[in-house]
Amino acid sequence: MAAPQVPVTAPPKPTWDPKQEPTYPWLRPTIRIRLTLLYGGMFLIAGILLLSIIYMLAAQALHDAGNIAFQVSGTNVRIASETCPQLATAQDNSQLNEALKACTAAQRQHALDSLLNRALLALVGLTVIAFAFGYAMAGRVLSPLGKITRTARRVAGTDLTRRIELDGPDDELKELSDTFDEMLDRLERAFTAQQRFVGNASHELRTPLAINRTLLEVHLSDPEAPPELQQLGKTLLATNERSEQLVEGLLLLARSDNQIVERKPVDLAEVAERAVDQSLGEAADKGVEIRGERAGAVVQGNGVLLERIALNLVQNAVRYNVPRDGWVEVTTAVVAGQALLTVSNTGPVVPAYEVDNLFEPFRRLRTERTGSDKGVGLGLSIARSVARAHGGRIIAEPREGGGLVMRVTLPV
């Protein structure tokens, strides 16, 4: 019997939470900002050095041009100047040269101050232009890096089929892009092979298990079978049923790792009600009360998979409870723009450091989670995988006094 292929359309959702955009993006020390500061700072330093050299050369030139001595001879000579009133009081050549020297020094300093002020204003204006030009050029140079980053984000959030395919010169960024595309090719092949193996193995195991179950049921339906064989058949049937649950869990886990492509409006309150209805019989047998208010919380997703989350959480809460007077509280609500499904229960004390291990496949809490009547150890793994496929998350916290509080958060 040929095993049907499991369609692989998307990679698993990332295990990390997407980072929120910063409140003040301009304060982020990005490479573009740092390159802009580098370009502008280098221009500013070069401008200051150039201005200093020009100032010193101009001062030296004015000083050399101003060292001229005058000799005045004759009688009734009157020298006056509006910019140098000291000349009118000069009585001889010595006083005249001193007055000319003082006036020349004052005029030279005034010219240097004017030159410095205008040069500083020009330097400030050019520095602003240099920073703006550096920011624009840095953005242009780093645009391929931005494309790589956006592609990486889309790959992490959707599927591995996307590629950068960067055009342009064969520089370092082009080499980085090509290397990233090659890495994505290898990841896609590995992910596809893994998904196909799990799906095919699960399908291949279904057939012999179904045949075994049919043969055992036929044998148990024989009223003339000895009691020993009847008991053996029931034991084998229970073992076979457990194996079928394991295979179904593996298949569902493989499917739920994919991004949900077809989404429809699903009310978490209705999903939780169905899960509670399916668990009422088992809860009554164990003496566990199921309670809680379930408000409407509509999300976009797959109703069957979302029901699997609620059912797995409720069944775990019922099965791993206290022997008597236990309860399970199932609530739904919309909090802070997100749909929230909460399942809390009484039960044994769970150490905080062992909570994360409960979400790993086939991992249970010590010996009290190893009973054959309590599942195959895939319930929480499937719930986490389905939540990720819907863009949500699931968090488990130890409850004070024993038991757990499970919170499933999904985008509305």
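Predicted, not measured: the structure shown is a model, and the values here were computed from it. (Residues numbered from 1 in each chain as written. Predicted model: local features only at pLDDT ≥ 70, side-chain atom pairs only at ≥ 80, totals over all residues. Heavy atoms only, no water.)

1. Overview of the overall build of the protein
Spelled out, the test is: Labels follow the DSSP assignment, with helices taken as runs of H or I lasting at least four residues and strands as runs of E lasting at least two, numbered in each case from the N terminus. Per-residue accessibility, obtained with a 1.4 Å probe over protein chains only, is compared with the maximum for each type, and a residue is labelled buried under 20%, exposed over 50%, and partly exposed between these values. What makes two residues a contact is simply this: any of their non-hydrogen atoms within 4.5 Å. A 1.4 Å probe and the Shrake-Rupley method give the accessible areas. Residues count as covered only by the protein chains that appear here.
In terms of helices and strands, the protein carries seven helices and seven strands. Secondary structure elements of the protein occur, N-terminal to C-terminal, as α-α-α-α-β-α-β-β-α-β-β-α-β-β. When the 412 residues of the protein are sorted by exposure, 34% land in the buried category. Sequence-distant contacts, at least 24 apart, represent 72% of the contacts inside the protein between residues at least 6 apart. Only carbon and sulfur atoms are counted for the fraction: they give 58% of the accessible area of the protein, which is about 25500 Å².

2. Things to note about the environment of Gln195
Mapped onto the secondary structure, Gln195 falls in helix α3 (residues 172-220). The exposure class assigned to Gln195 is buried, which follows from its relative accessible area of 4%. On a C-alpha basis, the gap between Gln195 and Leu251 in space is 9.5 Å, while along the polypeptide they are 56 residues apart.

3. Observations regarding the pairing of strand β4 (residues 326-335)
Which entries qualify depends on this criterion: Pairing between strands is defined by DSSP: at least two bridges between the two strands are required.
Alignment of strand β2 (residues 288-291) against β4, held across four bridges, turns out to be parallel. If you follow Ile290 over to β4, its bridge partner there is Val328. Here eight bridges tie β4 to strand β5 (residues 338-345), and the two strands are oriented antiparallel to one another. Opposite Thr332, over in β5, you have Leu341 as the bridge partner. In textbook terms, the turn of a hairpin is the stretch between consecutive antiparallel strands, and for β4 and β5 this stretch comprises two residues, one of which, Ala336, has a positive phi near 55°.

4. Structural notes on the nonpolar core
What counts, and what does not: Take the buried residues of types Ala, Val, Leu, Ile, Met, Phe, Trp, Tyr and Cys, join any two whose side-chain atoms come within 4.5 Å, and each joined set is a nonpolar core.
With 41 residues, the main nonpolar core has Leu313, Val330 and Val343 as its most contacted residues. Broken down by secondary-structure element, the contributors of at least two residues to this core are α5 (268-286), β2, α6 (303-319), β4, β5, α7 (379-389), β6 (393-398) and β7 (404-411). Ranked by residue count, the leading element in this core is α6, at nine residues. Sequence-distant contacts of Val330, that is, excluding residues within four places in its chain, are made with Ala272, Val276, Ile290, Arg291, Gly292, Glu293, Arg294, Val314, Leu341, Thr342 and Val343. With eight residues, the next largest nonpolar core counts Leu160, Ile164, Leu184 and Phe191 among its residues.

5. So, the packing of α5 against α6
Short version of the rule: For helices, the fitted axis covers only the stretch in contact; all axes are lines through C-alpha atoms, and the angles between them, taken along N-to-C directions, range from 0 to 180 degrees. For this classification, under 35 degrees means roughly parallel, over 145 means roughly antiparallel, 65 to 115 means roughly perpendicular, and everything else is oblique. Two helices cross in a left-handed way if the nearer one is turned anticlockwise from the farther one by less than a right angle. They cross in a right-handed way if the turn is clockwise. For this classification, the nonpolar set comprises Ala, Val, Leu, Ile, Met, Phe, Trp, Tyr, Cys and Pro, the charged set comprises Asp, Glu, Lys and Arg, and every other residue, Gly included, is treated as polar.
Two elements in contact, α5 and α6, have axes whose closest approach is 8 Å; the angle formed by their N-to-C orientations is 25°. If you check the angle between α5 and α6, you find them roughly parallel. Crossing angle aside, the handedness with which α5 passes α6 is right-handed. When α5 is examined against α6, the residues Val271, Ala272, Arg274, Ala275, Gln278, Ser279, Glu282, Ala283 and Lys286 are found in contact with a partner set consisting of Leu306, Glu307, Ala310, Leu311, Val314, Gln315, Val318 and Arg319. Among the residues making up the contact of α5 with α6, the classes are represented as nine nonpolar, three polar and five charged.

6. Remarks on the environment of Val298
Mapped onto the elements, Val298 comes out in strand β3 (residues 298-301). For the pair formed by Val298 and Pro411, sequence separation is 113 residues and the distance between their alpha carbons is 9.2 Å. Contact partners of Val298, with chain neighbours within four places excluded, come to Pro265, Val266, Asp267 and Val412.

7. A look at a nonpolar patch on the surface
Basically, it comes down to this: Patch membership requires over 30% relative accessible area and the absence of a salt bridge. Like charges are linked within 9 Å, and nonpolar side chains (Val, Leu, Ile, Met, Phe, Trp, Tyr) within 5 Å. By definition, a salt bridge exists where a carboxyl oxygen of Asp or Glu is found within 4 Å of a side-chain nitrogen of Lys or Arg.
A grouping of Leu38, Tyr39 and Met42 is seen on the molecular surface, where their side chains present a nonpolar patch of about 300 Å² in accessible area. Position of Tyr39 relative to the elements: it lies in helix α1 (residues 31-65).

8. Describing a negative patch on the surface
Selection criterion: Counted as positive: Lys and Arg. Counted as negative: Asp and Glu. His and the chain ends are not counted at all. All charge positions are set by atom: Lys at NZ, Arg at CZ, Asp at CG, Glu at CD.
Together, Asp170, Asp171, Glu172 and Glu175 make up a negatively charged patch on the protein surface. Tracing the backbone shows Asp171 in the loop between α2 (93-157) and α3.

9. Some words on the sheet that holds β6
Sheet architecture is open: five strands sit in the order β2-β4-β5-β7-β6, paired in mixed fashion. Of all strands in the sheet, those bounded by a partner on one side alone are β2 and β6. Shown here is a sheet whose adjacent strand axes are inclined to one another by a mean of 15°, direction ignored. As defined by bridge partners, β5 adjoins β7 across seven bridges and the pair is classed as antiparallel. Bridge pairing in β7 places Gln338 opposite Pro411. Those strands touched by α5 are β2, β4, β5 and β7, and its axis lies near 165° from that of β2.

Functional significance is not addressed by these values, which are geometric in nature.
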